[in-house]
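Commentary on secondary and tertiary structure
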Amino acid sequence: MSNTTAGPSKVRPGSSQPSESSKRKRGMFQKDLQHMMYGFGDDANPLPETVALVEDIVVEYVTEMVHKAQDIASKRGKLLTEDFLFLIRKDLPKLNRCTELLSMNEELKQARKAFEVDEEKLASTD
């Protein structure tokens, strides 16, 4: 028995088209992933093959999540943050982390807005 996989041109389940991983620019996230891997206990300079494998896994996961979220949003016609939260609703650590990051993002937006208003007041009084 021989393994007859199609190599780099993967076909998405339920689709006749190759997945985005065969079209995308490889190595785009390598530096970020190296830092993340180091933060999680890997070597400061991990093997390039390891980083490439982790990158493939991450890109595949994110692509899959986006496709699932698009399927959910297709009924409404607009992709929203809530579609992603719906997908991870059963994975409590991920859901909690996402809601924490979203609330932190909202706080940062409010702080930037307040800072811009303060700058405008200072500029108008000069």
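Structure: above.
Cut-offs and rules
- Residues numbered from 1 in each chain as written.
- Predicted model: local features only at pLDDT ≥ 70, side-chain atom pairs only at ≥ 80, totals over all residues.
- Heavy atoms only, no water.
- Helix = DSSP H or I, 4+ residues; strand = E, 2+ residues; numbered from the N terminus.
- Expected span 1.5 Å × (residues − 1).
- Buried < 20%, exposed > 50% of the residue type's maximum accessible area, 1.4 Å probe, protein only.
- Contact = heavy atoms within 4.5 Å.
- Axes fitted to C-alpha atoms, helices over the stretch in contact; angles between N-to-C directions.
- Parallel < 35°, antiparallel > 145°, perpendicular 65-115°, else oblique.
- Nonpolar A, V, L, I, M, F, W, Y, C, P; charged D, E, K, R; others polar.
- 1 Å grid on protein atoms, 1.4 Å probe; cavity = no way out; pocket = protein on both sides within 12 Å on 5 of 7 lines; lining within 4 Å.
- Points joined across faces, edges and corners; volume = space filled by probe spheres on them.

1. Digging into helix α2 (residues 48-73)
For α2, with 26 residues, the first-to-last C-alpha span of 37 Å sits near the 38 Å given by 1.5 Å per residue. Restricting attention to buried positions, one finds in α2 the residues Val51, Glu55, Val59, Met65, His67, Ala69 and Ala73. Taken together, the buried residues of α2 touch α1 (30-39) and α3 (81-87).

2. Describing the packing of α1 against α2
At a minimum axis distance of 10 Å, the contact between α1 and α2 shows a crossing angle of 100°. Judged by the inter-axis angle, α1 sits roughly perpendicular to α2. Contact with α1, carried on its side by Gln30, Leu33, Gln34 and Met37, involves Thr50, Val51, Ala52, Val54, Glu55 and Val58 of α2 and no other residues of that element. Across the contact of α1 with α2, the residue classes break down as 6 nonpolar, 3 polar and 1 charged.

3. Topic: the layout of surface pockets
Its boundaries defined by the atoms lining it, the largest pocket holds a volume of some 420 Å³. Taken together, Tyr61, Val62, Met65, Thr81, Phe84, Leu85, Ile88, Lys94, Arg97, Cys98, Leu101 and Leu102 form the lining of the largest pocket. Taken together, the elements giving at least two residues each to the lining of the largest pocket come down to α2, α3 and α4 (92-125). Per-element accounting of the lining of the largest pocket gives the leading share, 5 residues, to α4. In terms of residue class, the lining of the largest pocket is made up of 9 nonpolar, 1 polar and 2 charged.

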